[in-house]
Amino acid sequence: MLQFLVETCLCEAVRSLENLRGKQTLTALPRANGSGLHQLAKALDYAARQHVAQRRKGALGEPYINHLCEVAALLAETSDQEDADLLSAAVLHDVVEDTDATMEDVRALFGPEVARIVAEVTDDTSLPRSIRKARQIEKAPTLSQQGRMLKIADKTSNLRAIVASPPEDWSDDRKREYVRWAEEVVAGCRGLNHRLEAEFDTAAAEAK
Ligand code: ZN
């Protein structure tokens, strides 16, 4: 059911991208209530609007929403439980770091639990990149179970992208360095979801 919804909402996200081409609209969606599926649909719509002008760094220049849908789908496909807060947080995990949305926006629209998970995986962008990367390694074992699974899914998607559509200006050394760093972050997140970890391990092996 969740997989169906993600696929359906991906189509809606693409329509949103087409409708909003060039416009960055912060729509005042009502606070999600009712079922988790409603919340997830709203999260997909909100993320598509917020990231509308962004593309992945890779040569294919995929719409950024593809990464967010892939992270949510990885979690949905490898988990036995349906956790709409985790899947919504997966769709929203880069919205504060990479758009003008604030944690307050996320809390007001999607509630404290989704906001808590998003906050856990959001870097402090005021820090230099090297310090942010070191912090991710240090923080990983302290994250909640949901935060740790979201980290693994995010890194898996990024490693798959390095294989399928590497950034044109990345040398082989830079790719290997990214894989090593992702493995260090994920080392602190293991022990919760073996199928998800296997997806990460496969992606890391292919990216090396
Ligand atoms: Zn991400």
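Just so it is clear, the model here is predicted, and its values are computed rather than measured.

About the criteria used
Residues numbered from 1 in each chain as written. Predicted model: local features only at pLDDT ≥ 70, side-chain atom pairs only at ≥ 80, totals over all residues. Heavy atoms only, no water. Helix = DSSP H or I, 4+ residues; strand = E, 2+ residues; numbered from the N terminus. Buried < 20%, exposed > 50% of the residue type's maximum accessible area, 1.4 Å probe, protein only. Contact = heavy atoms within 4.5 Å. Areas by Shrake-Rupley, 256 points an atom, 1.4 Å probe, with all protein chains shown as cover. Phe/Tyr/Trp six-rings, centres within 6.5 Å; stacked < 30°, edge-to-face > 60°. Salt bridge = Lys/Arg side-chain N within 4 Å of Asp/Glu carboxyl O. Donors = N, O, S within 2.8 Å, 3.2 Å for Na, K, Ca; no water. Tetrahedral: all angles 85-135°; square planar, octahedral: opposite > 155°, others 65-115°.

A. Layout of the overall build of the chain. Each helix and strand counted, the chain has 11 helices and zero strands in total. Scanning the chain from its N terminus toward the C terminus, one meets helices and strands in the order α-α-α-α-α-α-α-α-α-α-α. When each of the 208 residues of the chain is scored for burial, the buried share is 50%. Sequence separation of 24 or more characterises 72% of the internal contacts of the chain that already satisfy a separation of 6 or more. Counting only carbon and sulfur atoms, one obtains 50% of the accessible surface of the chain, whose full area is about 10300 Å².

B. Just the packing of aromatic side chains, in detail. This model, assessed by the stated rule, comprises three aromatic pairs. Consider the rings of Tyr178 and Trp181, whose centres lie 5.4 Å apart with planes at 70°: the pair is edge-to-face. Taken as a pair, Tyr178 and Trp181 lie in helix α10 (residues 172–187) at a separation of three residues, close to a single helical turn. One exposure class covers both Tyr178 and Trp181, and it is buried.

C. Summary view of the pattern of salt bridges. Taken as a whole, this structure holds 15 salt bridges when the rule is applied. Among the ionic pairs, Glu104 bridges to Arg107, the shortest N-O distance being 2.4 Å. Separated by three residues within a single helix, Glu104 and Arg107 lie in helix α6 (residues 103–110), roughly one turn from each other. Judged by relative accessible area, Arg107 falls into the partly exposed class, the value being 34%. Residues joined in a network through salt bridges with shared partners are Glu70, Arg160 and Glu199.

D. Focus on the coordination of the zinc ion. Of the protein atoms, only His67 (NE2), His93 (NE2), Asp94 (OD) and Asp154 (OD) coordinate the zinc ion, at distances of 2.1 to 2.4 Å. Coordination at the zinc ion is irregular, judged from the four donor atoms that bind it and the angles of 81 to 170° they form at the metal. Taken in sequence order, the residues that donate to the zinc ion follow the motif H-x25-H-D-x59-D. Asp94 shares its class with His93; the two are buried.

E. Structural context of the environment of Val185. Relative to the assigned elements, Val185 resides in helix α10. Taking the C-alpha atoms as reference, Val185 lies 6.1 Å from Ala140; in sequence the two are 45 residues apart. Discounting residues that sit within four places of it in the chain, Val185 has contacts with Gln136, Ile137, Ala140, Lys151 and Lys155.

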